[in-house]
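Observations on the three-dimensional arrangement
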Amino acid sequence: MVDEALRLPGEGLAPGYRLDGPVLVAPDGSRLLFPPFPAPSAWASPREAACDVVLLDLIGDPFVLGDLRGRGVVTPSTHVVAVGLDHRVRPEELARRLALWGARAVPDGAVLDTSHAPSPMPPPARRTLLLGGSRSGKSAEAELRLAGEPHVTYLATGPSGHDDPEWAARVAVHRARRPAHWADEETTGLAEAIMRATTPLLVDGLGTWLAAMFDEAGAWEEPSRRDEVVRRCDELVEAWRSTPQRVVAVSDEVGLGVVPSTSSGRAFRDALGRLNQRMAAESEDVALAVAGRLLPL
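The rules behind each value
Residues numbered from 1 in each chain as written. Predicted model: local features only at pLDDT ≥ 70, side-chain atom pairs only at ≥ 80, totals over all residues. Heavy atoms only, no water. Helix = DSSP H or I, 4+ residues; strand = E, 2+ residues; numbered from the N terminus. Contact = heavy atoms within 4.5 Å. Pairing = 2+ DSSP bridges. Axes fitted to C-alpha atoms, helices over the stretch in contact; angles between N-to-C directions. Core = buried A, V, L, I, M, F, W, Y, C linked by side-chain atoms within 4.5 Å. Buried < 20%, exposed > 50% of the residue type's maximum accessible area, 1.4 Å probe, protein only. Salt bridge = Lys/Arg side-chain N within 4 Å of Asp/Glu carboxyl O.

Okay, the environment of Arg18 next. Here Arg18 is to be found in strand β3 (residues 18-20). Spatially, the C-alpha atom of Arg18 lies 50 Å from that of Glu192, the residues being 174 residues apart in sequence. Residues within four places of Arg18 in sequence aside, it is in contact with Leu13, Val23, Leu24 and Val25.

In spatial order, the strands read β10-β9-β11-β12-β8-β13-β14; together these seven strands make up an open sheet with mixed pairing. In this open sheet, the two strands that pair with only one neighbour each are β10 (183-186) and β14 (293-296). Pairwise comparison of adjacent strand axes, ignoring direction, gives a mean angle of 20° for this sheet. With four bridges connecting them, strand β11 (residues 201-204) and strand β12 (residues 247-252) associate as parallel partners.

With 35 residues, the main nonpolar core has Leu33, Val54, Leu56, Leu58 and Leu68 as its most contacted residues. Here this core takes four residues from helix α2 (residues 63-70), the largest share from any one element. When sequence neighbours within four positions are dropped, the list of residues in contact with Leu58 reads Leu65, Val80, Ala82, Leu98, Trp101 and Ala103. In terms of nonpolar packing, the next biggest core, distinct from the first, is built from 34 residues, Ala191, Ile194, Ala267 and Leu275 among them.

A few words on the pattern of salt bridges. Applying the stated criterion to the full structure yields 22 salt bridges. Here Asp86 ties to Arg88 by a salt bridge, and the two come within 2.8 Å at their closest N and O atoms. Across the pair Glu141 and Arg96 runs a salt bridge, and its minimum N-O distance is 2.8 Å. With Glu141 in helix α4 (residues 138-145) and Arg96 in helix α3 (residues 91-101), the pair connects residues that are 45 residues apart, well separated along the chain. Classification of Glu141 by relative accessible area gives buried; the value is 7%. Within the structure, one salt-bridge network assembled from shared partners comprises Glu93, Arg96, Arg97, Glu141, Arg145 and Asp285.

Purely geometric numbers; function is a separate question.
So this is what it looks like as structure tokens:
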């Protein structure tokens, strides 16, 4: 609609308008970015001039907003408007996501006053813990929470799967879903990574991290070695408590299944349950993902 309104039949752009790469510049100098436009990674410069209005299909690709923020196209003064809205997301869920990303939806024919900056976003929770069972949607929700951030470091705590093709395939699916402008780090040194972080972090997840701690301490069959696991949990909780960065962590909710049949399984379940409780106590935002739906706790 924008393209049609600003072009005269057979004459190109309306008088006074010009294109600056993928951006439309109005006679008063205001800048508008609207779809379709090339992926930011294909732009000539990694940094671009700020736009006054940006129209984005945030349901199709919310991560492009964070990329545009990182490139300087979207600033606190930019009006970010979601377009192409349909029934892919139910209305109340759409409103929740747009609020997370600092964007809004407007009715057709709305007039935006770009002489005033949009209302500032409320500050996001500094520490968010997302719990859920297998295939509950907890990891996807964690990624959505950080989609609007210009810089994110993804801390993967699980094994790479070099010796397990099925696990490697799972890891590949997760990697493909994440945006290219995010940084990835595979580590079990979570406390250290959180303390030295200079960008928002996504930790996925605490269950695989705790299993690695049991492995490193040799604590599965040796109860006397579980003190080392407790010490590493203490370090993680302290780092989580004191970090100034925004951090979103994913963990498994282990209290809904049957009691494990082995002593080591029960020890792991109990340790993860205690860790989840301690992390939740230090978090501003905690939620449970069930069947792709989110239940705030």
